[in-house]
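Residues per chain, in single letters:
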Amino acid sequence: MLLQLEVFTRSQAARLKRRRAACLSSVGIIRRLLNPASSRRARQKTSSCSNSGSNGKDNMKPRVRFAPSPTGALHIGGARTALFNWLFARHHGGVFILRIEDTDLERSTKEFEQSILDGMRWLGMDWDEGPFYQTQRMDLYREHVQKLLDEGKAYPCTCTPEELEAKRAQALAEGRKPKYDGTCRNRPAQPGKPAAIRFRAPVEGSVSFHDICRGTITFENRELDDLIIARSDGSPTYNFTVVVDDVTMAITHVIRGDDHINNTPRQVLLYEALGYPVPEFAHLPMIHGSDRKKLSKRHGAASVTEYREMGYLPEAVVNYLARLGWSCGDREIFSRDELIKAFDLSAVGSAPSIFDFEKLGWVNAQHMAKNTDDEIAAMTEPFLKAMSLDAGDRAYAARALATERERARNFKELAEISAFYFRDVIEIDPKATEKWLRGDNAKRLDTIKNRLALQDDWSEQALAKLFESALSEFGCKMLELAQPVRVSLTGSTASPGIYEVLSILGKERALKRIEAALQSVR
RNA sequence: GACCCCAUCGUCUAGCGGUUAGGACACCGCCCUUUCACGGCGGCAGCACGGGUUCGAGUCCCGUUGGGGUCGCCA
């Protein structure tokens, strides 16, 4: 066997330590022996690596990366992964790298890439290096493949995809785990035939790795097979590029979704075959939809841009996402800086969590409450515009929105419930009409309209006085007077205080609306 | 099917051998109130099950059940 099965084991002590010790552990950084394209990378610090292991020097700043593939928009689950990487880097004063894994030429698009970048920026996750593109690093991968080939740690495989697929189907049908059967492993090269390159994986023993969220995870090598590291067209595959990239970018901590746990043993084997130290891993629990399945488009808003469109604050989304899988005592609301300060990978749980829109709404409302009226107006304006409403008068908008802001959980909602302030003609809810604009209610409305017409001071205090005296004259309850007015002014039975609404709308518009309401039931 | 991961209120979670099992969202009630909210107070609700270990188990171990993930010349 070419590979000494040097398994990455950890001592008991290290295991016990894992919950507590934040994660600046162990992994030494490898010397950057390859020289990649980007000039920026040339400036990066390099260091020769001590061997890995928990006794290594920890003076190295952590380097982490987020590596999305531009085959879809930035998913909310991906955003959470990015966030934990970003938070970890910022907390420890480390480096956050963005890498675009665009080797799937078929499905990768510039648009998706752009939307991922936009999403990252919107959420305020800035990166220190990159974006790097795998498609620009092909020479690097080729060199590594060649190295393994030269050392006999990889071999060409001429099995056709059809043959492979047939064997896979058969294995599955027989209830076996589909694995490559090693047909080409010891077969002499077949010149002329298109060949993929497979990694010659050990068949005995086991491979273990340390996971910050879960402790030590072990796989039996017999469960693994000889994975393809380069396709027959020469392009490298994911499990290979990720190792080469993480090594050459000197990544110290690989923080990613736990759907990658099953890839990790293969990658560890690759690190070892290549003679590189293994980084620290942290596999984050997934985010599920309400059906407890991996969150996807089917569960409603899946991409982060949709949250922007729904009027959520980026810091609220970040806050909510951070609290999914991570907690900090009883604390719920955090600003971005507070998150950076408090974040601790070792406090991340290991059970999957369900995305809860209700709670996100509450968190968003908490963050909205921190904004001034003017900021609220500025942020609501685009949503008003989207409804073809004119919110050009900022002072007016600020005053109007101030009366509604506490009733909304996001800006879209705020725009919707505040629309009556910005419309010329309002629509009245038919049920409200029946209940509050008929009979005695209409009479009272007519009378108060006439009183209001004679009133010049439309301050809230003055209006209150006017209503109070009218009340004692009519001998009715406030409710019986306020609701008809409210309905005629806003179209709804629920609104801010009636004096506020009256005062903000102003005499002319208010009277016009009351008159229109009266007309409609006549 | 095989392998891997996971398991405290409906949901997010605290808990790291001794707690009346704590907080938050949601829900319900009361207060505030001209409506709806906000806010305040209170309430409902949880350790999946079975074995161990221990004086003592939500906490440690094993098993069962349940859920999820992965088994590509996708990433």
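Everything below is about the structure shown above.
To start, this report covers the structure provided alongside it. Everything quoted here is computed from the prediction, not taken from an experiment.

Conventions and cut-offs
- Residues numbered from 1 in each chain as written.
- Chains lettered and ligands numbered in written order.
- Predicted model: local features only at pLDDT ≥ 70, side-chain atom pairs only at ≥ 80, totals over all residues.
- Heavy atoms only, no water.
- Near = heavy atom within 4 Å.
- Polar contact = N/O pair within 3.5 Å; in protein donor to acceptor, adjacent residues only side chain to side chain.
- Helix = DSSP H or I, 4+ residues; strand = E, 2+ residues; numbered from the N terminus.
- Nonpolar A, V, L, I, M, F, W, Y, C, P; charged D, E, K, R; others polar.
- Expected span 1.5 Å × (residues − 1).
- Phe/Tyr/Trp six-rings, centres within 6.5 Å; stacked < 30°, edge-to-face > 60°.
- Buried < 20%, exposed > 50% of the residue type's maximum accessible area, 1.4 Å probe, protein only.
- Core = buried A, V, L, I, M, F, W, Y, C linked by side-chain atoms within 4.5 Å.
- Contact = heavy atoms within 4.5 Å.
- Pairing = 2+ DSSP bridges.
- Axes fitted to C-alpha atoms, helices over the stretch in contact; angles between N-to-C directions.

This brings us to the protein's contact with RNA strand B. Around RNA strand B sit 65 residues in total, of which Gly175, Arg231, Arg292, Gly325 and Arg407 are the nearest. Taking all atoms of RNA strand B within 4 Å of the protein, the share assigned to sugar and phosphate is 71%. The separation between a sugar or linking oxygen of RNA strand B and a polar side-chain atom of Ser327 is 3.1 Å. Looking at the surface near RNA strand B, the elements that each hand over two or more residues are helix 6 (161-173), strand 7 (215-220), strand 12 (353-354), helix 12 (357-368), helix 19 (478-490) and helix 20 (498-505). In terms of residue count, the dominant contributor to the surface near RNA strand B is helix 19 (five residues). Across the surface near RNA strand B, the residue classes tally to 23 nonpolar, 18 polar and 24 charged.

The next subject is helix 6. Between the first and last C-alpha of helix 6 there are 18 Å, a value that for 13 residues agrees with the 18 Å anticipated at 1.5 Å per step. Trailing helix 6 by a residue or two, Gly175 shows a phi angle of about 75°, which is positive.

A few words now on the packing of aromatic side chains. Two measures describe an aromatic ring pair: the distance that separates the ring centres and the angle between the ring planes. Within this structure, the stated rule accounts for 14 aromatic pairs. Consider the rings of Phe209 and Phe219, whose centres lie 6.4 Å apart with planes at 15°: the pair is stacked. Highlighted residues: Phe209 in strand 6 (residues 206-211) and Phe219 in strand 7, separated in sequence by 10 residues. The class for Phe209 is buried, based on a relative accessible area of 0%. Under the relative-accessibility criterion, Phe219 is labelled buried at 16%. Considering the side-chain rings of Phe467 and Tyr499, the 5.5 Å spacing of their centres and the 75° angle between planes classify their relative orientation as edge-to-face. With Phe467 in helix 18 (residues 460-474) and Tyr499 in helix 20, this pair connects stretches of sequence that are 32 residues apart. We classify Phe467 as buried; its relative accessible area is 0%. Through pairs of rings, three or more aromatic residues link up here, namely Tyr307, Tyr312, Tyr320, Phe355 and Phe357.

We now examine the nonpolar core. Residues Met120, Leu321, Phe355 and Phe422 are the most contacted members of the largest nonpolar core, which totals 102 residues. By residue number, the principal contributor to this core is helix 3 (residues 76-92), which donates nine residues. Non-local contacts of Phe355, meaning those with residues more than four positions away in its chain, are made with Ile76, Ile287, His288, Leu295, Tyr307, Tyr320, Leu321, Leu324 and Leu360. Judged by nonpolar contacts, the second largest core, of 38 residues, contains Val95, Leu227, Phe240 and Phe281.

Looking now at the sheet that holds strand 8 (residues 228-230). Here three strands make up an open sheet; going across it, the order is 4-5-8 and the pairing antiparallel. Two strands in the sheet have a free side with no partner beyond their single neighbour: strand 4 (154-157) and strand 8. Taken pair by pair, the neighbouring strands of this sheet meet at an average axis angle of 45°, ignoring direction. Relative to strand 5 (residues 196-199), strand 4 runs antiparallel, the two being bridged by four bridges. Counted as the bridge partner of Tyr155 is Arg198 from strand 5.

Here Gly130 and Pro131 are connected by a cis peptide whose omega angle stands at 0°. Tracing the backbone shows Pro131 in strand 3 (residues 129-133). You will see that Ala250, though not glycine, has its phi angle at about 55°, which is positive. Of note, Ala250 is situated in the loop between helix 7 (238-248) and strand 9 (253-257). The exposure class of Ala250 is buried, given its relative accessible area of 3%. Of note, the phi angle at Ser388 is positive, near 60°, even though the residue is not glycine.

In short, shape yes, function no, at least from these values alone.
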